[in-house]
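Here is what each chain is made of, one letter per residue.
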There are 2 protein chains.
Amino acid sequence: MIEAHLAKLRFRHPVSDEEEQAIRAIVPPARHVARNTTVVHEGERLEASTLLLDGMMCRLKDLADGKRQITQIHVAGDFVDIHGFTLKRLEHEVMALTECKLSLVPHEEIRQLIERWPRLGRLYWFSTNLDASMNREWELSLGQRSAVERLAALLCEIHIRLGVVGKADGRFNLGMSQAQLADSLGMTAVHVNRTLRMLRDQRLLAYRRGEVEILDLEGLKAVAEFDDRYLYLNPDPL
Amino acid sequence: MIEAHLAKLRFRHPVSDEEEQAIRAIVPPARHVARNTTVVHEGERLEASTLLLDGMMCRLKDLADGKRQITQIHVAGDFVDIHGFTLKRLEHEVMALTECKLSLVPHEEIRQLIERWPRLGRLYWFSTNLDASMNREWELSLGQRSAVERLAALLCEIHIRLGVVGKADGRFNLGMSQAQLADSLGMTAVHVNRTLRMLRDQRLLAYRRGEVEILDLEGLKAVAEFDDRYLYLNPDPL
DNA sequence: CGTACCCTTGACCGTACTCAAACAGGGTGG
DNA sequence: CCACCCTGTTTGAGTACGGTCAAGGGTACG
């Protein structure tokens, strides 16, 4: 099940057989976590990072008054909190949106891996920089785009990212309630509902209890004025 | 003038004399750029990264309809586009907000530096992860905070970051017009103006043509419900 | 079969946007 | 030195997008 992770890496940069073996050697057996489980708590000391093998997860930040922002959504193949390798404690939570299969890779193993294989170090550095690029795109969305545009953009992004690891067939389980979508998009659950209905009325997508079906990807992209360059689908060699 | 950069690194992690010398050896002489100069264009191939020695810069993303989002502000000591070391092309611009002094460090030198000094590699990885943490905090602001809260939070952040490199004395030149502030905060220039007036009327700050004077830092922090944990001012050893 | 959570829709409200106009200040050229 | 301009700031009046409050309905699960 580490295949999704290798697929994500290889989609952007070549990975040699030796490098693949080195990676496989440090990934312990998978474990399962239930939907809505918090896997990493804010501020807790981390000695390992979470490789998401299957399912959907998210990072989220809480505010004192109960407001919360989901800052990123993760799909299979993502090293969900590899930034914890250097930060050691995170200022946000990591939570499972669906039932997930994951593997906890010890930081000490990562350190040895990248000292032995510096190019893999750059690849994982790249992957955190890619995450940051998505954060910047979400800033753009939250700051400048309207509710429909924001929602359409989010779904386009997830669809493409699932495609990279071979899991997009026009239909996927996002695992998010409309309230959670609202927390990602900086709007209320009520308005998410109305916005979803707009997209449904335009026959662009169907949404039912976390199950997303994309009916017209091009239409969705047009609504969002979606430009996938921020996903670095064709990066320069590293 | 590389002192601000070393101060930023050393504020969070120890840097040995050898490491310092290794860094100094790859930083070429400084050059000056004028206010509002675009230093890195979107999509252009990068062979070097920009070390900001003095002044203020920002990263910004443009939308087709002319809307734009400033995704990050940089202060002296920041390696403004070190993420370009792995991404090679950026999906955003980098622009000088004030007159700036900077140095362009070739990627090939960085690669050799971190292969020779793997711990410095982790320190620079940390610094991009810190940038990403600020992006997440801005997502939180843009998604969940009101206009006043957002503005207050931004100014608290800059003040603290200037303090880290020894440049905060309650007064600093942000170099941003109210329109640029608006592009950072996801609001209009008109509303930035009204919001600034609110904070001025409460005697929390003064703002005059890019010059910020913080009159009551604690008051500002209270308005923003500011929590500096996302700035990783006391990180665990690396 | 009850209960809890989520979704859905309606009516009303408020924060922030839009449009518009006046003003201030710094820089340039006549 | 002054006229002019350009950019940025300030304020007002009206508007709209999205929030708030509220109530009814669906669906899964114990």
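These figures come from a predicted structure and were not determined experimentally. (Residues numbered from 1 in each chain as written. Chains lettered and ligands numbered in written order. Predicted model: local features only at pLDDT ≥ 70, side-chain atom pairs only at ≥ 80, totals over all residues. Heavy atoms only, no water.)

Novice: I tried to follow the protein's contact with DNA strand C on my own but got confused; where do I start?
Specialist: Around DNA strand C, the structure places 15 residues, and the nearest of them are Gln178(A), Asn193(A), Arg194(A), Arg197(A) and Ala147(B). Backbone atoms, meaning sugar and phosphate, make up 71% of the atoms of DNA strand C lying within 4 Å of the protein. Note that a phosphate oxygen of DNA strand C is positioned 2.9 Å from one of the backbone N or O atoms of Ala147(B). Between DNA strand C and Thr188(B), the relevant distance is 3.1 Å, taken from a phosphate oxygen to a side-chain nitrogen or oxygen of the residue. Of all elements in the fold, only α7 (178-185) and α8 (189-201) of chain A together with α8 (189-201) of chain B reach the threshold of two or more residues within the surface near DNA strand C. Among the elements that make up the surface near DNA strand C, the one with the highest residue count is α8(A) (4 residues). In terms of residue class, the surface near DNA strand C is built from 5 nonpolar, 7 polar and 3 charged. (Near = heavy atom within 4 Å. Polar contact = N/O pair within 3.5 Å; in protein donor to acceptor, adjacent residues only side chain to side chain. Helix = DSSP H or I, 4+ residues; strand = E, 2+ residues; numbered from the N terminus. Nonpolar A, V, L, I, M, F, W, Y, C, P; charged D, E, K, R; others polar.)

Novice: Quick question: what am I supposed to make of the interface of chain B and chain A here?
Specialist: Interfaces are often sized by the accessible area lost when the parts come together. Facing the 53 residues of chain B at the interface are 53 residues of chain A. Carbon and sulfur atoms supply 56% of the area that chain B and chain A bury against each other, a total of about 4,900 Å² over both sides. Applying the counting rule to chain B against chain A returns 12 salt bridges. Taken together, the connections running from chain B to chain A amount to 32 residue pairs in polar contact (both at pLDDT 80 or more). Counting residues per element, the ones that place at least two in the side of chain B that touches chain A are β4 (57-62), β5 (68-74), α3 (84-87), α4 (107-116) and α5 (118-144) of chain B. In terms of residues, the side of chain B that touches chain A owes the most to one element, α5(B), which gives 19 residues. (Contact = heavy atoms within 4.5 Å. Buried area = accessible area lost by both parts, 1.4 Å probe. Salt bridge = Lys/Arg side-chain N within 4 Å of Asp/Glu carboxyl O.)

Novice: What exactly am I supposed to notice about the environment of Leu120(A) here?
Specialist: Residue and element names in this part refer to chain A. Mapped onto the elements of the fold, Leu120 is located in helix α5 (residues 118-144). Distance from Leu120 to Ile110, taken between C-alpha atoms, is 9.8 Å for residues 10 residues apart in sequence. Discounting residues that sit within four places of it in the chain, Leu120 has contacts with Glu19, Ile23, Leu113 and Ile114.

Novice: What's the story with the sheet that holds strand β8 (residues 171-173) of chain A in this structure? I'm lost.
Specialist: Hydrogen bonds between backbone groups are what pair the strands of a sheet, and the pairing can be parallel or antiparallel. Residues and elements named next belong to chain A. Spatially, the 3 strands line up as an open sheet ordered β8-β10-β9, and their pairing is antiparallel. Strands with a single pairing partner mark the edges of an open sheet, and in this sheet they are β8 and β9 (205-208). On average, each strand axis in the sheet is tilted by 15 degrees relative to the strand beside it, whichever way the strands run. Pairing analysis gives 3 bridges linking β8 to strand β10 (residues 211-214), with the strands arranged antiparallel. From the neighbouring strand, Arg171 faces β10, where its bridge partner is Glu213. (Pairing = 2+ DSSP bridges. Axes fitted to C-alpha atoms, helices over the stretch in contact; angles between N-to-C directions.)

Novice: Got a minute to help me understand empty space enclosed by the protein in this structure?
Specialist: If a probe the size of a water molecule is rolled over the atoms, the empty space left behind becomes visible. Residues and elements named next belong to chain B. Counted by the stated rule, this structure contains 9 cavities of 30 Å³ or more. For the largest cavity, the calculated volume is near 90 Å³. Lining the largest cavity we find Glu137, Trp138, Ser141, Leu142, Arg145, Arg150, Ala153, Leu154, Glu157, Ser184, Leu185 and Tyr230. Of all the secondary structure elements, the ones that give two or more residues to the lining of the largest cavity are α5, α6 (147-164) and α7 (178-185). (1 Å grid on protein atoms, 1.4 Å probe; cavity = no way out; pocket = protein on both sides within 12 Å on 5 of 7 lines; lining within 4 Å. Points joined across faces, edges and corners; volume = space filled by probe spheres on them.)

Novice: When you look at the relation of the copies chain B and chain A in this model, what are you seeing that I'm missing?
Specialist: Structural alignment of chain B on chain A gives an RMSD of 0.0 Å, achieved by rotating through 180 degrees and translating 0.0 Å along the axis. Read as a symmetry element, the transformation amounts to a two-fold axis. Mapped onto chain A, 100% of the interface residues of chain B again fall at the interface, so both copies present the same surface. (Least-squares fit on C-alpha atoms with pLDDT ≥ 70 in both.)

Novice: Sorry, what's going on with the UniProt feature "domain: HTH crp-type" (unreviewed entry) in chain A here?
Specialist: In the numbering used here, UniProt assigns the feature "domain: HTH crp-type" (unreviewed entry) to residues 145-218 of chain A. Annotated as 55% helix and 15% strand, the span residues 145-218 of chain A places its first and last C-alpha atoms 18 Å apart. (UniProt positions renumbered as here; feature names shortened; annotations may be inferred.)

Novice: Can you help me understand the packing of α7(A) against α8(A) in this one?
Specialist: When two helices pack together, their arrangement is given by the angle between the helix axes and the distance between those axes. All names here are of chain A. Viewed as axis vectors pointing N to C, α7 and α8 meet at an angle of 95 degrees, and their least axial separation amounts to 8 Å. Relative to α8, the element α7 is oriented roughly perpendicular. Facing Gln178, Ala179, Leu181 and Ala182 of α7, the residues of α8 in contact are Ala189, Val192, Asn193 and Leu196. Of the residues that constitute the contact of α7 with α8, the class distribution is 6 nonpolar, 2 polar and no charged. (Parallel < 35°, antiparallel > 145°, perpendicular 65-115°, else oblique.)

Novice: Help me understand the pattern of salt bridges, please; the structure alone is not making it clear to me.
Specialist: Two side chains of opposite charge can pair, provided their charged atoms sit close to one another. Scanning the entire structure with this criterion turns up 50 salt bridges over all chains. Between Asp78(A) and Arg161(A) there is a salt bridge; the shortest N-O distance is 2.8 Å. Residue Asp78(A) is located in the loop between β5 (68-74) and α3 (84-87), and its partner Arg161(A) is located in helix α6 (residues 147-164); the two are separated by 83 residues in the primary sequence. An identical accessibility class is assigned to Asp78(A) and Arg161(A); each is buried. In this structure, the salt-bridge partner of Asp62(B) is Arg68(B), at a minimum N-O distance of 3.1 Å. Within the structure, one salt-bridge network assembled from shared partners comprises Lys61(A), Glu91(A), Arg136(B), Glu137(B) and Arg145(B). (Buried < 20%, exposed > 50% of the residue type's maximum accessible area, 1.4 Å probe, protein only.)

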